[in-house]
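# Fold and geometry: a report
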Amino acid sequence: MKKIELEIVALSHSITQTHSYAVVLGEVNGLRRLPIVIGGFEAQAIAVALERMQPSRPLTHDLMKNFMNAFNVELMEIVINDLQEGIFYSKLVCVSEHDTVEIDSRTSDALALAVRFGCPIYTFDHILESAGILMEDNNKKKSSDIPVDEVSEASREELAKMSIEELNTLLNDVLEQEDYIRAIAIRDEINKRK
């Protein structure tokens with residue numbers, strides 16, 4: 001089966017499940033999109049890597065990358081290889097000096113690692129056919145343009161009413177709490193005023 005390369009094009013609240021998020025993967029040089037529902041912690045792990053934020057302590061996926069680097073294991077690619085009853089299954093394709101190994105992974109964890117390693121994301125046509133969405137317009141986005149829309153409109157309005165000093169204090173507080181998704185929204189509000 002021919003692999004189809006995907007890229008992360010959006011990360012937002014899931015409209016179908018409360019307290020969940022959706023990561024949207026887009027077909028490279030194509031019009032199909034693959035939305036995948038993920039949990040809040042996994043969304044935060046992906047958002048932190050996409051925004052190139054440096055947490056005060058390594059997150060679990062950072063730890064995994066550091067561990068793999070320490071033992072000279074490179075993540076070459078991830079493959080979303082199956083879809084059963086609405087659940088996506090993935091494999092990490094890892095290479096060491098002497099071996100290539102495929103490791104089963106939750107798709108959300110695989111995506112968080114792919115962003116950290118900068119490796120390609122693949123799937124197969126039958127998965128895109130059964131779970132994908134065809135888009136009319138193929139506007140390419142760089143990862144720096146990816147919308148990370150995890151903060152409600154009410155929260156954004158609340159941030160808009162705060163002073164720069166209050167925003168900086170709040171930013172420090174949420175970073176201490178390791179709430180990186182909220183930190184991104186606060187940072188964006190601060191940058192908008194500069």
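Residues numbered from 1 in each chain as written. Predicted model: local features only at pLDDT ≥ 70, side-chain atom pairs only at ≥ 80, totals over all residues. Heavy atoms only, no water.

## Quick word on helix α3 (residues 107-117)
Burial runs high along α3: 10 of the 11 residues are buried. Of the residues one or two after α3, glycine 118 is the one with positive phi, at around 70°. (Buried < 20%, exposed > 50% of the residue type's maximum accessible area, 1.4 Å probe, protein only. Helix = DSSP H or I, 4+ residues; strand = E, 2+ residues; numbered from the N terminus.)

## With respect to the nonpolar core
The biggest cluster of nonpolar side chains holds 32 residues, and the ones touching the most others in it are Leu25, Leu34, Leu75, Ile78 and Ile121. For this core, the secondary structure elements donating two or more residues are β1 (3-13), β2 (21-27), β3 (32-38), α1 (40-50), β4 (74-84), β5 (87-95), α3 and α4 (125-131). Take this core: its biggest share by element is 6 residues, from α3. Core analysis: the next-biggest nonpolar cluster, separate from the first, contains 13 residues, Leu59, Leu159, Met162 and Ala185 among them. (Core = buried A, V, L, I, M, F, W, Y, C linked by side-chain atoms within 4.5 Å.)

## Observations concerning unusual backbone geometry
Despite not being glycine, asparagine 29 shows a phi value in the positive range, around 60°. Mapped onto the elements of the fold, asparagine 29 is located in the loop between β2 and β3. Backbone geometry at glutamate 85 places phi at a positive 50°, although glycine is not the residue there. Here glutamate 85 shows up in the loop between β4 and β5. Taking the relative accessible area as the measure of exposure, glutamate 85 reaches 84% and is therefore exposed.

## Remarks on the pattern of salt bridges
Applying the stated criterion to the full structure yields 8 salt bridges. Here arginine 116 makes a salt bridge to aspartate 62, at a shortest N to O gap of 2.6 Å. Here arginine 116 is found in helix α3, whereas its partner aspartate 62 is found in helix α2 (residues 60-70), with 54 residues between them in sequence. A residue is classified by how much of its surface remains accessible, and arginine 116, at 12% relative accessible area, is buried. Its relative accessible area of 18% is what places aspartate 62 among the buried residues. Here the salt bridges do not stand alone but share partners, grouping Glu27, Arg32, Asp125 and Glu129 into one network. (Salt bridge = Lys/Arg side-chain N within 4 Å of Asp/Glu carboxyl O.)

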